[in-house]
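Observations on chain architecture
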Amino acid sequence: MQQKYALGMAVIVVIAVLVLTAARLIQGKLSVWKCFLICAVEGAMLVYLSIQSPLISVIWLPAFLVGMFMMFPFKMACVITAGFWLTLTYLGFLQLDVELALRSAMSSCLVMMLCAVIVKTYNDAIMVAENVAVKDPLTGALNRRTLVEQVELESERVSRYSQVCSIIMIDLDNFKTLNDKLGHGVGDEMLVGFVSLINEYTRRNDKLFRLGGDEFMLLLPGMNEENANIFVARIQNLVPSKLTMDSVSLGMSFGVCEITANTSVESLLEKADKALYENKNQRKQEK
Ligand SMILES: Nc1nc2c(ncn2[C@@H]2O[C@H](COP(=O)(O)OP(=O)(O)OP(=O)(O)O)[C@@H](O)[C@H]2O)c(=O)[nH]1
């Protein structure tokens, strides 16, 4: 009788911890290591309960596994799951007769693999959806929606930690003529080529946004206005030499602006836009 009460209490504790964990997870308040600790404690308790009655594992195993694969990076979840399966199988052979232990090992292996496949498919779908939300589908550059957020972030770093950061507005020259002469397909290829060229010559923490049409913006953390001008002059020479099709070369105009402390995003973008407009006019007059 006393054992039954103890078991009942253990079940209530496990359920309470599970509910609490789920709530904290949904609020995004649990770190990976806390999740790991809670999972280890709950896993141990559940293994103990299922040894008392092997049928219980049939009920909790799938949910436990899905939770594991959702909380941890995929490879880590696979390793933990494999360890878990070995423990369960070992305990099964100790507690059950050979035939039942074998069946249980095979079934739990199958359930684990299925859970891994389901969660991986779900995670991949989420990644695709996230990419669609933040990236331009043609070139893979970041889209306009993410721009304000990223400039605000860098602007805060400049204001708080005295870091430097520059933005460069870019507009391709005579893109309409290029489209008219060579067709929109070639125009698209040029846009994709332009983005790969910029990605090739920028660092990993630099960000390129496509604002629309043939307009782009580069965000260069750690670069002051002087260095941004040197960088852009290099790119400006590189673009026509690398992106030429049927003797039509791609050209670009630019406007550089260094982010200054406590300046609104709107006025920064306006400043860069003005510099771009002046550069474009100057280039047109030089021709
Ligand atoms: N191929 C292609 N063309 C596009 C795309 N988006 C916009 N465009 C074209 O890009 C051209 C941009 O026009 P503008 O910037 O006004 O003209 P521009 O010839 O570059 O003129 P300047 O900027 O003054 O040198 C338009 O003809 C648009 O139709 C796209 O995704 N693919």
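Residues numbered from 1 in each chain as written. Predicted model: local features only at pLDDT ≥ 70, side-chain atom pairs only at ≥ 80, totals over all residues. Heavy atoms only, no water.

To continue, consider the site of the ligand. Lining the immediate surroundings of the ligand are 17 residues, of which Asn174, Asn179, Asp188, Lys280 and Lys284 lie closest. A distance of 2.9 Å separates an oxygen atom of the ligand from a polar side-chain atom of Asp171. Contact with the protein chains hides 67% of the accessible area of the ligand, taken as 660 Å² for the molecule alone. Those elements giving two or more residues to the shell around the ligand turn out to be β2 (165–173), α7 (175–182), α8 (184–201) and α10 (265–286). (Near = heavy atom within 4 Å. Polar contact = N/O pair within 3.5 Å; in protein donor to acceptor, adjacent residues only side chain to side chain. Areas by Shrake-Rupley, 256 points an atom, 1.4 Å probe, with all protein chains shown as cover. Helix = DSSP H or I, 4+ residues; strand = E, 2+ residues; numbered from the N terminus.)

Turning our attention to the sheet that holds strand β7 (residues 251–258). Spatial strand order, β1-β3-β4-β2-β7: five strands in an open sheet with mixed pairing. In the strand order of this sheet, the two ends are held by β1 (142–143) and β7, each with one partner. Where β2 and strand β4 (residues 215–221) come together, seven bridges link them in antiparallel fashion. Bridge pairing links Ile168 to Leu218 in β4. (Pairing = 2+ DSSP bridges.)

Another aspect to go through is the UniProt feature "transmembrane region" (unreviewed entry) in the protein. As recorded in UniProt, the feature "transmembrane region" (unreviewed entry) lies at residues 6–26, 63–88 and 100–119. With 92% helix and 0% strand, the stretch residues 63–88 has end C-alpha atoms that lie 16 Å from each other. (UniProt positions renumbered as here; feature names shortened; annotations may be inferred.)

On to the packing of α8 against helix α9 (residues 225–242). At a closest axis distance of 11 Å, the pairing of α8 and α9 adopts a crossing angle of 140 degrees. For the element pair α8 / α9, the angle class is oblique. As for the relative orientation of α8 and α9, their crossing is right-handed in sense. Only Phe231, Arg234, Ile235, Leu238, Val239 and Lys242 of α9 make contact with α8, whose side of the interface consists of Phe194, Leu197, Ile198 and Tyr201. (Axes fitted to C-alpha atoms, helices over the stretch in contact; angles between N-to-C directions. Parallel < 35°, antiparallel > 145°, perpendicular 65-115°, else oblique. Left-handed = near helix turned anticlockwise from the far one by under 90°. Contact = heavy atoms within 4.5 Å.)

Under the counting rule described, the total for this entry stands at nine salt bridges. Where Glu99 meets Arg103, a salt bridge forms, and the shortest distance between an N and an O atom there is 2.7 Å. One end of the pair, Glu99, and the other, Arg103, are both in helix α5 (residues 98–134), four residues apart, so they sit about a helical turn from each other. Lys120 is paired through a salt bridge with Asp124; the nearest N and O atoms lie 3.4 Å apart. (Salt bridge = Lys/Arg side-chain N within 4 Å of Asp/Glu carboxyl O.)

Attention now moves to a negative patch on the surface. Negative charge collects at one region of the surface, where Glu149, Glu152, Glu266, Glu270 and Asp273 lie side by side. Secondary-structure elements contributing two or more residues to the negative patch are α6 (144–161) and α10. Looking at the negative patch, the element that brings in the most residues is α10, giving three residues. (Patch = residues over 30% accessible without salt bridge, like charges linked within 9 Å, V, L, I, M, F, W, Y side chains within 5 Å. Lys, Arg positive; Asp, Glu negative; His and termini not counted. Charge placed at Lys NZ, Arg CZ, Asp CG, Glu CD.)

Right, let's get into the side chain of Ser253. Looking at the element boundaries, Ser253 is found in strand β7. Within polar-contact distance, the side chain of Ser253 engages the side chain of Asp173 at 2.7 Å. Here Ser253 is in contact with Met169, Ile170, Asp171, Asp173, Gln236, Leu276, Asn279, Lys280 and Arg283, once residues within four sequence places are set aside.

The next subject is the packing of aromatic side chains. For the coordinates displayed, the defined rule picks out two aromatic pairs. Where Phe69 meets Phe74, the ring centres are 5.6 Å apart and the plane angle is 45 degrees; that geometry is what we call tilted. Overall, Phe69 belongs to the buried group, its relative accessible area being 2%. With centroids separated by 5.0 Å and ring planes inclined at 50 degrees, the aromatic side chains of Phe194 and Phe216 adopt a geometry described as tilted. (Phe/Tyr/Trp six-rings, centres within 6.5 Å; stacked < 30°, edge-to-face > 60°. Buried < 20%, exposed > 50% of the residue type's maximum accessible area, 1.4 Å probe, protein only.)

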